[in-house]
Protein chains: 2
Amino acid sequence: MKTIYLVCYDIESDKWRKKLSDRLISHGLERIQYSVFAGPLSESLYEALQSWIKMHEDKLLSAGNSIIFLKLLPNQLEKMCILGEVDFDLEMLSGKTNTLIL
Amino acid sequence: MKTIYLVCYDIESDKWRKKLSDRLISHGLERIQYSVFAGPLSESLYEALQSWIKMHEDKLLSAGNSIIFLKLLPNQLEKMCILGEVDFDLEMLSGKTNTLIL
């Protein structure tokens, strides 16, 4: 059972911003904007992510930095109003597809 | 009747990013991260915002830029997981307060 999350961050350190974005993507989230990600996460992956953030909070969450997790319903992503150029797969985001067919 | 929105953007132009952020704030949204805003919008303000974006889409939505509007339920904002330092009023965001008492 997976929950759809929107995750966004303000992280000043290039190195730690990259570490977090790599981790979000490796956990199956898609980048929908430079610092905004979305997609389904199992409870165990969500917990692992929270633990990893906690373990590195001195680097990730220094003054002015923040990371926000927002639980979404799948149809909220389908209904979102997207203006401009984006490069993501809405089916993947809303958890309808979890295998990438090449 | 207002709807709660989360609005986030990737806009390259400093000038037009500032114009949009000023407009979002003047319409009552709160900045929750550098390029992420949230709060209640009436249908007429939402439509006015969309029209303004459309009017300036050549500047706001040039290559690689995007603006996303996501409708939220008030309790989703209340339940969001916020790590780190943020400076916003959750009551305002979720539409429970609309008068700022000074």
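Heads up: the structure comes first, above all this text.
Numbering of residues starts from 1 in each chain and follows the order in which that chain's sequence is written. Lettering of chains starts at A and numbering of ligands starts at 1, both following the order in which they are written. Only residues with pLDDT of at least 70 get local features here, since the model is predicted, and only at 80 or more are side-chain atom pairs given and counted; chain-wide, interface and lining totals rely on the full set of residues. Processing note: side-chain calculations cover all non-hydrogen atoms of the structure and skip hydrogens and water entirely.

Draft legend 1. How the structure looks around the overall build of chain A. Here a helix means four or more residues in a row that DSSP labels H or I, a strand means two or more in a row labelled E, and each is numbered from the N terminus. Across its full length, chain A holds five helices and five strands. Secondary structure of chain A in N-to-C order comes out as β-α-β-β-α-α-β-α-β-α. Seen along its three principal axes, the alpha-carbon backbone of chain A occupies a region of about 35 × 30 × 25 Å. The burial tally for chain A puts 47% of its 102 residues in the buried class. Three labels apply to residues, based on accessible area from a 1.4 Å probe with only protein chains included: buried if under 20% of the type maximum, exposed if over 50%, partly exposed otherwise in between.

Draft legend 2. Representation of the interface of chain A and chain B. Pairs of residues are marked as contacts when any of their non-hydrogen atoms sit within 4.5 Å. Taken together, the contact pairs 33 residues of chain A with 33 residues of chain B. Computed with a 1.4 Å rolling probe, the buried area is the accessible surface lost when two parts are put together, summed over both parts. Of the roughly 2,500 Å² buried between chain A and chain B, counting both surfaces, carbon and sulfur atoms make up 57%. Throughout this description, the term salt bridge denotes a Lys or Arg side-chain nitrogen within 4 Å of a carboxyl oxygen of Asp or Glu. Linking chain A to chain B there are zero salt bridges. Throughout this description, a polar contact denotes any pair of N or O atoms lying within 3.5 Å of each other; where both atoms belong to protein, one of them has to be capable of donating a hydrogen while the other can accept it, and for residues adjacent in sequence the pair is counted only when both atoms sit in side chains. For the pair chain A and chain B, the interface holds 15 residue pairs in polar contact (both at pLDDT 80 or more). Broken down by secondary-structure element, the contributors of at least two residues to the side of chain A that touches chain B are strand S1 (2-10), strand S2 (30-33), helix H2 (43-55), strand S4 (66-72), helix H4 (74-78) and strand S5 (81-84) of chain A. Each residue belonging to the side of chain A that touches chain B can be placed in one class, and the counts come to 22 nonpolar, eight polar and three charged. Residues are grouped as follows: Ala, Val, Leu, Ile, Met, Phe, Trp, Tyr, Cys and Pro are nonpolar; Asp, Glu, Lys and Arg are charged; all remaining types, including Gly, are polar.

Draft legend 3. Region of the structure containing the state of the cysteines. To count as a disulfide, a pair of cysteine sulfur atoms needs to be within 2.5 Å. Under the criterion given, the structure shown has zero disulfides over all chains. Here Cys8(B) is not disulfide-linked; the sulfur of Cys8(A) is the nearest cysteine sulfur, at 7.2 Å. Residue Cys8(B) is classed as buried on the basis of its relative accessible area of 1%. Unpaired in this structure, Cys81(B) has its nearest cysteine sulfur neighbour in Cys8(A), at a distance of 11 Å.

Draft legend 4. Looking closely at the relation of the copies chain A and chain B. For the least-squares superposition of copies, only C-alpha atoms count, and only for residues with pLDDT at least 70 in both. Mapping chain A onto chain B calls for a rotation angle of 180° and an axial translation of 0.0 Å; the resulting RMSD is 0.0 Å. Accordingly, the operation relating the two chain copies is best matched by a two-fold axis. When the interface residues of chain A are mapped onto chain B, 100% of them are again interface residues, pointing to one common binding face.

Draft legend 5. Geometry of the pairing of strand S3 (residues 36-42) of chain B. Residue and element names in this part refer to chain B. Most of S3 is tucked away: seven of the seven residues are buried. DSSP bridges decide pairing: two strands pair if at least two such bridges lie between them. Sheet topology places strand S1 (residues 2-10) next to S3; seven bridges connect them, and they run antiparallel. Each residue of the ladder has a partner; that of Ile 4, found in S3, is Pro 40. In sequence, strand S2 (residues 30-33) turns back onto S3 through a hairpin of two residues.

Draft legend 6. Spotlight on the sheet that holds S2(B). Spatially, five strands are ordered S5(A)-S4(B)-S1(B)-S3(B)-S2(B) in an open sheet, and the strand pairing comes out antiparallel. Edge positions in the sheet fall to S5 of chain A together with S2 of chain B, since each has one partner strand and no second. Neighbour to neighbour, the strand axes of the sheet diverge by 25° on average, direction disregarded. Across the sheet, helix H1 (residues 14-26) of chain B lies against S1, S2, S3 and strand S4 (66-72) of chain B, angled at about 165° from S1(B), the strand it touches most. Only the stretch in contact is used when fitting a helix axis, every axis being a line fitted to C-alpha atoms; angles between N-to-C directions are given from 0 to 180 degrees. Contacts from helix H2 (residues 43-55) of chain B reach S5 of chain A together with S1, S3 and S4 of chain B, with the element oriented near 125° to S3(B).

Draft legend 7. Structural context of the side chain of His27(B). Residue and element names in this part refer to chain B. Positionally, His 27 belongs in the loop between H1 and S2. The buried category is assigned to His 27, whose relative accessible area is 16%. At 3.5 Å, the side chain of His 27 and the side chain of Ser 26 are in polar contact. Sequence-distant contacts of His 27, defined by excluding residues within four places in its chain, comprise Pro 40, Leu 41, Leu 45 and Leu 49.

Draft legend 8. Just the pattern of salt bridges, in detail. Residue and element names in this part refer to chain B. By the definition in use, this model includes eight salt bridges over all chains. The residue Arg 17 makes a salt bridge to Asp 14 at a minimum N-O spacing of 2.7 Å. Note that Arg 17 and Asp 14 are positioned in helix H1 at a spacing of three residues, about one turn of the helix. On the basis of relative accessibility, which here comes to 16%, the residue Arg 17 falls in the buried class. Residue classification places Asp 14 among the exposed residues on the basis of a relative accessible area of 56%.

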